[in-house]
Amino acid sequence: IAGYHEQWKAVNEKLNHLNKLKESASESVLNHAVLIGTATAINPIPLIDMIGGASGIAILVKKIADVYGIDIKLEDAGLLAKDLLQGVVITMGAFSALVLGAGSLVKLIPFIGWAVGGVTQAASVAFIVFLIGETVSDYYANGQNWARNNSLKESLEFKMCSFDKDEITRKLKEQINSKLKNTNC
């Protein structure tokens, strides 16, 4: 029974360590989502934010890998980011891509377009970054295997259904608005 107790203790320690890593990764994901959402809101140039988004996701993938102690090159993170963005479009449908694209195109309208497009896009982009980040965190926590049937699409779908989208979006909007107020934008 002493051997069993030692095994139980070792498993419990590993679970506690994994939980701490997941908490740290979740904090990084939230901060990164707010950062990218804020950058999207203040960017006055249409479609540039769409191009920069892929780079931002690659950096997030690398950051989360670092939290889990996984060495990944930025180029490989970029490939994973590309797959994740494609998975989001498939999972969330063409509608999400249309909303993001429309938010960027609205910025073409002088003055008011930038403000309205930025606000619309900021929340949508931040939510997508949050979804991707949390999914990647699960990927690394599971030994670089997708959580659901080793499928990126199923993992994104599962993650999207596992949290309250309205609550997450509200929290993201609050933090983005706070950043915008602090930057005098």
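Everything below is about the structure printed above this text.
A quick note: this is a predicted structure, and the numbers were derived from the prediction, not measured. (Residues numbered from 1 in each chain as written. Predicted model: local features only at pLDDT ≥ 70, side-chain atom pairs only at ≥ 80, totals over all residues. Heavy atoms only, no water.)

A.B. asks: How do you make sense of the nonpolar core when you look at a structure like this?
C.D. replies: Most often, soluble globular proteins keep nonpolar side chains buried together rather than apart. Among the nonpolar cores identified, the biggest contains 43 residues, and Val61, Ile64, Leu84, Phe130, Tyr140 and Leu172 are the most heavily contacted of them. Those elements that place two or more of their residues in this core are helix H1 (2-42), helix H2 (48-67), helix H3 (74-92), helix H5 (112-141), helix H6 (152-162) and helix H7 (165-182). Among the elements that line this core, the one with the most residues is H5, at twelve residues. (Core = buried A, V, L, I, M, F, W, Y, C linked by side-chain atoms within 4.5 Å. Buried < 20%, exposed > 50% of the residue type's maximum accessible area, 1.4 Å probe, protein only. Helix = DSSP H or I, 4+ residues; strand = E, 2+ residues; numbered from the N terminus.)

A.B. asks: Where do I start with H1 in this structure?
C.D. replies: Given 3.6 residues per helical turn, the α-helix brings residues three or four places apart onto the same face. Between the first and last C-alpha of H1 there are 60 Å, a value that for 41 residues agrees with the 60 Å anticipated at 1.5 Å per step. Every buried residue of H1 is accounted for by Leu21, Ala25, Val29, Leu30, His32, Ala33, Val34, Ile36, Gly37, Thr38, Thr40 and Ala41. (Expected span 1.5 Å × (residues − 1).)

A.B. asks: For this particular structure, what's the right way to read the side chain of Ser137?
C.D. replies: Mapped onto the secondary structure, Ser137 falls in helix H5. Here Ser137 falls in the buried class, since its relative accessible area comes to 1%. Residues within four places of Ser137 in sequence aside, it is in contact with Lys22, Ala25, Ile64 and Tyr68. (Contact = heavy atoms within 4.5 Å.)

A.B. asks: It is not clear to me how unusual backbone geometry should be interpreted in this structure. Could you clarify?
C.D. replies: Only a minority of non-glycine residues have a phi that is not negative, and only a minority of peptide bonds are not trans. Of note in this structure, Gln144 is not a glycine but carries a positive phi near 65°. For Gln144, a relative accessible area of 37% translates into the label partly exposed. A positive phi angle is found at Asn150, which is not glycine, with a value near 50°. Positionally, Asn150 belongs in the loop between H5 and H6.

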